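Analysis of the macromolecular model
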Amino acid sequence: MKLRSSIQDLLTNSVLRRLNLRAKLTLGNLAITFLVVIVMGTYVYLRIQEASTQLIASVEENARARAEEDLQSANREQAAFLESFFENMSRNTLVAATSVQNILEDDQLENSSYWDADTQLIRLPSGSWDNANTETASVFIPSDVILTGSLVRKLNLLKHSELVFPSMLKGSPDIVAIYFGGQNKETFYYPNIDLANIVPPDFDVTGRQWYVAANPDNNLQNSVVWSAPYQDAALNGLVITTSAPVIDSSGNFQGVTAMDVQITRIIDFVANSQVGENGYAFLIDSNNRLISLPEQGFIDFAITDENAKLSAIMDPAVLTSASPELLEIMDAIKSKDNGIFSIILNGSERHVAFYKVQQVQYKLIYIIPSEELFSGRAAIADQISRETRTTINFSLLLIAMVFVLAAAASFSISNFFTSPLQTLNQSAGEIIKGNFNTRVNVTSGDELETLAITLNTMTDTVKDLIFSLEQRVLDRTAELQKANNEGERRGKQYEAIAKVAQAITTQKNLKELLPQVAAVISEQFGFYHVGIFLNDAMNKYAVLAAANSEGGRKMLRRGHQLKVGAQGIVGYATGTKKPRIALSVGDDAVYFNNPDLPETQSELALPLLEAGNVLGALDVQSRESNAFSNEDLEALSILAELVSIAIQNAKLYEQMDRSLAEAEAASRRFFRENWNRLAEEFKISGYRYTAGGTTPLSSSNESIEMTTGNTDHKQVMVPIIMRGQEIGELSVIVPKDESIKSDQMDIIRAVADRVAVIAENARLFDETTRRAERERLVTDISTKIRSTNDPQAMIETAIRELRDALKVSRVEVIPQKKKSPDV
């Protein structure tokens, strides 16, 4: 009883209490059906899911092992191909060494006349021995080796190797060269590359790395020795040297036979190996040097060093910037011959398989994305998952069908009683979307009809409020836009005023200033033509001085002018000293129809005034009627005043420049006259300085005569300049064959400048002394004249003092009669 009471209380106080009858009935039936379906579905799902998980785990483990085995098998097969290639080269090396051994021990060849070293070898100026370039092989003997009889015998026998080695070169295109180095430092090289002109005269073949490595002292097994790969100097690409010792039947070491093997084909084979869709292969040697790496490998291992990319062999020293995953791979394979493992590279799992090429101790490495390697495993797992999902879906479908049938029966019964509620909900949805024209039509005669009437009334009220609000927003937006446009226009006007003011302060040349002003006004105000007129000297014509438009430039070229007070709006403004605006030029009687400006619809002319005088006019024309507002007129009036100030400033600057030029000319003339006076007074044309001292020159030709008479010397003349004028010359006498360097000329010029300063100081001092003496004499004479009040005595004193001061014999005072003015 208590449980049933609790369930009833829960239903009464829950959300179900607010649902209508159809919903309550439908939800009750669906809840019972849903509970049964959930229990059955959960049990079926868990059982199927557990079986599927076990099956997928088993299949994935088998697929993983099979994929790794396939990858190792492919890696091993390609490594076997590389092994066979290098084994073949090893056999060829042993064949070459055996051939040399047999030739050296063949008694029948010893008496052969096939080739004679005594006659065929030529000793070069450097001391080394060489054979003809036309022979099959190059023969080289260093300069410190003497051709003994035993060495000649050995060379004659070794020459027979050209019957064997050329066919080996021809039969194996990967072999670049075959050569033999003997204990006596002799070298036979196939093909003939003129070895004597390539190596130094003292070239010691016994010190080469391939020789030392194959020497029985370092090669106890007398086996084939392989060198590290290197770039061939003869442009044969990447090569590797294989060498083997030559030991006769008595166990005596005779030398080393070696071959240069081109491995470019092997590198290309590895680089082009297809490892799945996105995998690749690369090759490293026993010292972890990269021999072959495709472009994808450079990207994966972040090898960005251009030097490393351009090199065919990359030493670990140049791979310090590579990703740590590359070093991790090298460490993992260092101590093993083969294997497979996985790493994380660039955020994704990769599988790495490697196999060692025993012949050269190289390792062939495969890298493939683990996702691609195990794609088959994923496919099987996906198939199992799909089958599982199909089973689950089918079970759920059956359950859902039962649930749907129950729900349909419940829904059909309750829908008949609650259809008015659906109509109400649909109308409410339209109102939420903003469709306030929606009307709810419900005639159920119960509370739903009352609710529909209330909803319709509310919708009408909201629609009226929204319409009123939108209208107010539109009106306010229009006002703000208008105010914003006006602000932008005023800002451009102020910017134009600022730019013109700045141009006036920085530019004093009217020819450059006025075009700038016209361009600024046109750009900021948007008027297509702006012209500036200046009145001529007679104030009869206003002459166009600057314009920005194409028509204005045409008028400038032909000297366009308008008569003041008679022609056009500009003539009116310059004649009356008042602005003139034509908002529609067709209706203005004063407007001058200019063929160069046919698009003008409105025009404004402002007089340029300065202290009541007309300097010219600012003419602005627009393609639009009524283009000028009061704000435009105000801003343009300010600009006209600034242009007037600029014109007046330019005139003042021009007048000041003329005055300054006249003052400078007078100063230069006074300066020259003073120096000319000094030259005439002292009768000395200059001074000569020698080791014996300084002596004056009485004439300007004296120094010239001195130098022209001596043909062993020459003059270096440097002008002595003071205040931009030449007051003399500094002549330096130097030996005729001596070349004057730039630093010496700098010293001479510096001395000339110092002489100019000292001479000018001396002149000023002399002039100051003379003026002081004159002042003293005037003061003395004035004092003596004032010592008496008698005019006669004053005159006599003045005459006597002047005669003594000027050292003349006679001084006269002649009174002048004042002429009476004409009436």
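What you see is a predicted model; the values in this text were computed from it and never measured. (Residues numbered from 1 in each chain as written. Predicted model: local features only at pLDDT ≥ 70, side-chain atom pairs only at ≥ 80, totals over all residues. Heavy atoms only, no water.)

1. Some details on the overall build of the protein chain
Each helix and strand in the protein chain was counted, giving 21 helices and 24 strands. Burial status across the protein chain gives 37% buried among its 823 residues. Taking contacts inside the protein chain between residues at least 6 apart in sequence as the whole, the part at least 24 apart equals 56%. A total accessible area of about 49000 Å² is found for the protein chain, and carbon and sulfur atoms account for 55% of it. (Helix = DSSP H or I, 4+ residues; strand = E, 2+ residues; numbered from the N terminus. Buried < 20%, exposed > 50% of the residue type's maximum accessible area, 1.4 Å probe, protein only. Contact = heavy atoms within 4.5 Å. Areas by Shrake-Rupley, 256 points an atom, 1.4 Å probe, with all protein chains shown as cover.)

2. Description of the environment of Asp-285
With respect to the helices and strands, the residue Asp-285 is situated in the loop between strand 10 (280-284) and strand 11 (290-292). Along the sequence, Asp-285 and Val-357 sit 72 residues apart, while their C-alpha atoms lie 9.4 Å from each other. Apart from residues no more than four positions distant in its own chain, Asp-285 is found in contact with Pro-229, Ile-291, Gln-361 and Tyr-362.

3. Looking at the nonpolar core
Ranked by internal contacts, the top residues of the largest apolar core, which has 58 residues, are Phe-86 and Ile-263. The element best represented in this core is helix 2 (residues 21-105), accounting for 12 residues. With residues up to four places along the chain from it excluded, the contact list for Phe-86 reads Trp-226, Ile-263, Val-357, Gln-359, Val-360 and Tyr-362. Leu-514, Val-530, Leu-606 and Val-620 belong to the second-largest nonpolar core, a separate cluster that totals 31 residues. (Core = buried A, V, L, I, M, F, W, Y, C linked by side-chain atoms within 4.5 Å.)

4. Comments concerning the side chain of Ser-128
Following the sequence through the fold, Ser-128 ends up in the loop between strand 1 (122-123) and strand 2 (129-130). For Ser-128, a relative accessible area of 1% corresponds to the buried category. Side-chain polar atoms of Ser-128 contact the side chain of Ser-126, separated by 3.3 Å. Apart from the residues lying within four places of it in its own chain, the contact partners of Ser-128 are Ile-122, Arg-123, Phe-140, Ile-141, Pro-142, Ser-143 and Pro-201. (Polar contact = N/O pair within 3.5 Å; in protein donor to acceptor, adjacent residues only side chain to side chain.)

5. Thoughts on the packing of helix 20 (residues 742-785) against helix 21 (residues 791-806)
Where helix 20 contacts helix 21, the two axes come as close as 9 Å, and the packing angle between them is 155 degrees. Here helix 20 is positioned roughly antiparallel relative to helix 21, judged by the angle of their axes. Crossing hand, helix 20 versus helix 21: right-handed. Between helix 20, through Leu-777, Ile-781, Lys-784 and Ile-785, and helix 21, the contact on the second element is made entirely by Met-794, Thr-797, Ala-798, Glu-801, Leu-802 and Ala-805. (Axes fitted to C-alpha atoms, helices over the stretch in contact; angles between N-to-C directions. Parallel < 35°, antiparallel > 145°, perpendicular 65-115°, else oblique. Left-handed = near helix turned anticlockwise from the far one by under 90°.)

6. Observations regarding helix 15 (residues 510-525)
Helix length check: helix 15 (16 residues) gives 22 Å between terminal C-alpha atoms against 22 Å at 1.5 Å per residue, within 8%. For helix 15, the set of buried residues is Leu-510, Leu-513, Leu-514, Val-517, Ala-518, Val-520, Ile-521, Ser-522, Gln-524 and Phe-525. Phi for Gly-526, located one or two positions after helix 15, is positive at around 80 degrees. (Expected span 1.5 Å × (residues − 1).)

7. Examining the pairing of strand 22 (residues 693-697)
Across 5 bridges, the pairing between strand 21 (residues 686-690) and strand 22 is antiparallel. Each bridged residue has a counterpart across the sheet, and for Tyr-689 the counterpart in strand 22 is Thr-694. Here strand 21 folds back onto strand 22 in antiparallel fashion, the turn holding 2 residues. (Pairing = 2+ DSSP bridges.)

8. Observations concerning the sheet that holds strand 19 (residues 602-610)
Strand order in the open sheet formed by 6 strands is 17-16-15-20-19-18, with antiparallel pairing between adjacent strands. Lying at the two open borders of the sheet, with one neighbouring strand each, are strand 17 (561-563) and strand 18 (580-582). The sheet shows a mean angle of 25 degrees between the axes of neighbouring strands, taken without regard to direction. One ladder, built from 6 bridges, connects strand 15 (residues 529-535) with strand 20 (residues 613-622); its direction is antiparallel. Note on strand 20: the bridge partner recorded for Gly-531 is Asp-619.

9. Observations concerning the environment of Asp-619
Relative to the helices and strands, Asp-619 resides in strand 20. Distance in space between the C-alpha atoms of Asp-619 and Pro-607 is 8.8 Å, their sequence separation being 12 residues. Contacts of Asp-619, omitting those with residues within four sequence positions, involve His-529, Val-530, Gly-531, Phe-533, Val-570, Glu-603, Leu-604 and Ala-605. A polar contact is formed between the side chain of Asp-619 and the side chain of Gln-621, at a distance of 2.9 Å.

10. Here's the deal with the pattern of salt bridges
Scanning all chains against the criterion turns up 16 salt bridges. Here Arg-66 ties to Asp-70 by a salt bridge, and the two come within 3.5 Å at their closest N and O atoms. On the criterion of helical spacing, the pair formed by Arg-66 and Asp-70 is a turn pair, its members being 4 residues apart in helix 2. Using a relative accessible area of 54% as the deciding quantity, one classes Arg-66 as exposed. Taking the shortest distance from any N to any O, the salt bridge between Glu-162 and Lys-159 comes out at 3.0 Å. Assessed through its relative accessible area of 12%, Glu-162 is described here as buried. Linked by salt bridges that have partners in common, Glu-135, Lys-159 and Glu-162 make up one network. (Salt bridge = Lys/Arg side-chain N within 4 Å of Asp/Glu carboxyl O.)

11. So, the packing of aromatic side chains
Applying the stated criterion across every chain yields a total of 14 aromatic pairs. Note on Phe-165 and Tyr-190: the rings are 5.2 Å apart at their centroids and 90 degrees apart in plane angle, and the pair reads as edge-to-face. Of this pair, Phe-165 sits in helix 6 (residues 165-171) while Tyr-190 sits in strand 5 (residues 187-190), and the two are 25 residues apart along the sequence. Exposure class is identical for Phe-165 and Tyr-190. Each is buried. With 5.1 Å between their ring centres and 50 degrees between their planes, Phe-527 and Phe-628 make a pair best called tilted. Placement of Phe-527 in the loop between helix 15 and strand 15 and of Phe-628 in the loop between strand 20 and helix 18 (630-682) is noted, with a sequence separation of 101 residues between them. Of the two residues, Phe-527 and Phe-628, neither departs from the other in class, the shared state being buried. (Phe/Tyr/Trp six-rings, centres within 6.5 Å; stacked < 30°, edge-to-face > 60°.)

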